[in-house]
Amino acid sequence: MFFISFALLAAVSPSERNALIQLHKSTHGKEWRVKWDLNAPISTWYGVKLQDDKVVGLDLSDNNLVGKLPKEITQLVYLQKLNLFKNEISGNIPFMIGDLKLLKMLNLAFNKLSGKIPASIINSTALQTVELYMNQLTGELPAEIGQLNQLQKLSLFNNEIEGQIPSSLYNLRALKTLLLSSNKFSGKLSNEIANLNKLENLSLFENNMEGQVPASLEKLTNLKELNISYNKFTGSVSENLAKLDALNMTMINENGVAANLKVNLNINIAVAEE
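Residues numbered from 1 in each chain as written. Predicted model: local features only at pLDDT ≥ 70, side-chain atom pairs only at ≥ 80, totals over all residues. Heavy atoms only, no water.

Some words on the side chain of Glu-16
Working step 1: By the secondary structure assignment, Glu-16 is in helix 2 (residues 14–26).
Working step 2: Buried charge without a salt bridge: Glu-16, with Lys-54 as the nearest opposite-charge side chain at an N-O distance of 6.7 Å.
Working step 3: Side-chain polar atoms of Glu-16 contact the backbone nitrogen of Val-55, separated by 3.0 Å. (Helix = DSSP H or I, 4+ residues; strand = E, 2+ residues; numbered from the N terminus. Buried < 20%, exposed > 50% of the residue type's maximum accessible area, 1.4 Å probe, protein only. Lys, Arg positive; Asp, Glu negative; His and termini not counted. Salt bridge = Lys/Arg side-chain N within 4 Å of Asp/Glu carboxyl O. Polar contact = N/O pair within 3.5 Å; in protein donor to acceptor, adjacent residues only side chain to side chain.)

Next comes the structure, spelled out in structure tokens:
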């Protein structure tokens, strides 16, 4: 009996076990809604998914995690899914989050995270979903974010991320959902947005973006939801785009007053551009 119990405890590598213990310690595990019995096998710990004695999944969403993410979490090198949605986690995203090279899904949304999105995230090239919305993140998007060529969903709304949209982002040809609303993005939206031909949902609502609304938006034939209102875009738009936008292209003009962009009823702007 002792041998079997010990074997179960020892199956997961010491570094992975240590990472879980440090997470438990740094986020006040004794106060979690569903708690871990640290004397029981890791296979019984709530939210931990094992495969071949490796930690491949960690889902502690809405479980009253309070505190900071320890740097040791990056020792979970076989992790494919990390879901800590809707907790009270503060501090920075671990600098070397990119060490999780097998990670496919990252959800740290609805917490109190601050600081920049670590540039190392581009090393997690298996990522398909990144959800960091409803935090207090600042700084700019990593310039090389376009290296995440399997990314299908990028959701960063309700933060304080600033700067221009990196040109590399327009290389994310697998992207279906891009939600950057309620941040501090500035600059122009490139005509290269047309490269994202699988895009179904685009929201840039409530930023500081300017310039002409790219006519190439109409080339996104899979687009079902669009909200680029409450920016400083100028010029005219086609009727199709105006109808698709949730707030009918309401912008903030140079006087700080809300005004609708002019709708051109006579031409298909995207075709005219060609």
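Read on, since the account is not over.
Let's talk about the sheet that holds strand 13 (residues 184–188)
One key point about sheets: their strands pair by backbone hydrogen bonds, in either a parallel or an antiparallel sense.
Working step 1: Here we have four strands laid out as an open sheet, ordered 11-13-15-17, and parallel in their pairing. Every interior strand has two partners, whereas the edge strands, strand 11 (162–163) and strand 17 (232–234), have only one.
Working step 2: Across two bridges, strand 11 lies against strand 13 in parallel orientation. Bridge pairing links Gly-163 to Phe-185 in strand 13. (Pairing = 2+ DSSP bridges.)

What to know about unusual backbone geometry
Working step 1: Phi angles above zero are rare outside glycine, and Phe-110 is one such case at about 60°.
Working step 2: Within the secondary structure, Phe-110 is located in the loop between strand 6 (105–107) and strand 7 (112–115).
Working step 3: Overall, the relative accessible area of 37% leaves Phe-110 in the partly exposed class.
Working step 4: With a phi close to 60°, Met-249 is a non-glycine residue in the positive phi region.
Working step 5: Along the chain, Met-249 falls in the loop between helix 3 (239–244) and strand 19 (250–252).

With respect to the pattern of salt bridges
Working step 1: A full pass over the atoms with the stated rule returns seven salt bridges.
Working step 2: In this structure, the salt-bridge partner of Lys-71 is Glu-72, at a minimum N-O distance of 3.5 Å.
Working step 3: Under the relative-accessibility criterion, Lys-71 is labelled exposed at 62%.
Working step 4: With a relative accessible area of 16%, Glu-72 lands in the buried category.
Working step 5: Its salt-bridge partner being Lys-112, residue Glu-88 comes within 2.9 Å of it at the nearest N-O pair. Separated by 24 residues along the polypeptide, Glu-88 in strand 5 (residues 88–92) and Lys-112 in strand 7 bring together distant segments of the chain.
Working step 6: Owing to a relative accessible area of 41%, Lys-112 belongs among the partly exposed residues under this scheme.

Notes on empty space enclosed by the protein
The gaps left among the atoms become clear once a water-sized probe is rolled over them.
Working step 1: Enumeration according to the criterion identifies one cavity of 30 Å³ or more in this entry.
Working step 2: Roughly 60 Å³ of internal volume is contained in the largest cavity.
Working step 3: As for the largest cavity, its lining consists of Ile-117, Ile-121, Val-130, Leu-132, Leu-141, Ile-145, Leu-148, Leu-151, Leu-154 and Leu-156.
Working step 4: Residues of the lining of the largest cavity, tallied by class, amount to 10 nonpolar, no polar and no charged. (1 Å grid on protein atoms, 1.4 Å probe; cavity = no way out; pocket = protein on both sides within 12 Å on 5 of 7 lines; lining within 4 Å. Points joined across faces, edges and corners; volume = space filled by probe spheres on them. Nonpolar A, V, L, I, M, F, W, Y, C, P; charged D, E, K, R; others polar.)

Topic: the sheet that holds strand 3 (residues 66–68)
Working step 1: Within the open sheet, the four strands sit side by side as 3-5-7-9. Their pairing is parallel. Across the chains shown, the open sheet's two edge strands, defined by having one partner strand only, are strand 3 and strand 9 (136–137).
Working step 2: Two elements, strand 3 and strand 5, share three bridges in a ladder whose sense is parallel. Bridge pairing in strand 5 links Lys-68 to Ser-90.

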